[in-house]
Amino acid sequence: IGGILNLLLITTGCQSTVQPLLLVKADSLSHIQPDSAFRLLISYRSELSTADKDTRMYYYLLQLRTADKMDLQGNRDSIAFRVARYYEKHNSKKHLSEAYFHMGKMYNKHGDAPQGLKNFLKALENSHPGEDWFIGELYTQIGQIYFYQDMYEKALSVFQEAYRYSTTYNDN
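What you see is a predicted model, and the numbers here were worked out from it, not measured in a lab.

Criteria and thresholds
Residues numbered from 1 in each chain as written. Predicted model: local features only at pLDDT ≥ 70, side-chain atom pairs only at ≥ 80, totals over all residues. Heavy atoms only, no water. Helix = DSSP H or I, 4+ residues; strand = E, 2+ residues; numbered from the N terminus. Buried < 20%, exposed > 50% of the residue type's maximum accessible area, 1.4 Å probe, protein only. Contact = heavy atoms within 4.5 Å. Phe/Tyr/Trp six-rings, centres within 6.5 Å; stacked < 30°, edge-to-face > 60°. Lys NZ or Arg CZ within 6 Å of the ring centre and 35° of its normal. Patch = residues over 30% accessible without salt bridge, like charges linked within 9 Å, V, L, I, M, F, W, Y side chains within 5 Å. Areas by Shrake-Rupley, 256 points an atom, 1.4 Å probe, with all protein chains shown as cover. Salt bridge = Lys/Arg side-chain N within 4 Å of Asp/Glu carboxyl O. Core = buried A, V, L, I, M, F, W, Y, C linked by side-chain atoms within 4.5 Å.

Draft legend 1. Highlighting the overall build of the protein. For the protein, the helix and strand inventory stands at nine helices and two strands. Across the protein, helices and strands are ordered from the amino to the carboxyl terminus as α-β-β-α-α-α-α-α-α-α-α. Within the protein, the fraction of its 172 residues that count as buried is 47%. Considering only intrachain contacts with a sequence separation of at least 6, the fraction spanning at least 24 residues in the protein is 51%.

Following this line, the structure appears as structure tokens:
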């Protein structure tokens, strides 16, 4: 069935590249059922070596997202870096903000709060209207950095923004 799904293609808006339906399906599942999305990504892994670079970067971005949603441990730092650089180079606004988000998480994990903050702010700058859930998550990450740097007033203000975006998303 995976082969049939891969024959069906759909455009994702990334550099107007047509992406395999299996990856688009994993993308749509990744926020609500990351474990199902992860299984789809695993089933696509064997076809990755013949995929074009845009499809591989999209796959890696989805891999970062599902691993993050599932709190999977592992070293994905080089993947996060490659994905961010790729979307910067190709000026892909659709995925750039999420790539910066994963870079921010990577730097935070390694204790580099200034670089983490820089990447979260870049993600916020490149985010898209209507992505309230994502913008809320960015503000949460930024607020945590301020909080752990003992910048409580700034953290509170940012957490309030996170709450505002999260409740806007939940109301829709």
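Back to the text.
Draft legend 2. Focus on the packing of aromatic side chains. Enumeration over the complete set of coordinates arrives at nine aromatic pairs. Centre to centre, the rings of Phe-147 and Tyr-152 are 5.3 Å apart; their planes meet at 70 degrees, and the pair counts as edge-to-face. Take Phe-147: its relative accessible area is 38%, and that puts it in the partly exposed class. Grouped by ring-pair contacts, the aromatic residues Phe-101, Phe-120, Trp-133 and Phe-134 constitute a single cluster. Sitting over the face of the ring of Tyr-60, Arg-82 holds its NZ or CZ atom 5.1 Å from the ring centroid. Arg-164 extends its terminal NZ or CZ atom over the ring of Tyr-165, reaching a point 4.6 Å from the ring centre.

Draft legend 3. Expanded view of a nonpolar patch on the surface. Among the surface-exposed residues, Phe-147, Tyr-148 and Tyr-152 lie close enough to one another that they form a single nonpolar patch of about 380 Å² accessible area. Looking at where Tyr-152 falls in the secondary structure, it is placed in helix α9 (residues 152-171).

Draft legend 4. The nonpolar core, seen in detail. Residues Val-83 and Tyr-87 are the most contacted members of the largest nonpolar core, which totals 47 residues. Mapped by element, the contributors of at least two residues to this core are α2 (21-29), α3 (34-44), α4 (53-69), α5 (77-89), α6 (93-109), α7 (113-125), α8 (132-148) and α9. Setting aside chain neighbours within four positions, we find Val-83 in contact with Met-57, Tyr-60, Leu-61, Leu-64 and Ala-99.

Purely spatial values, then, with no claim about function.
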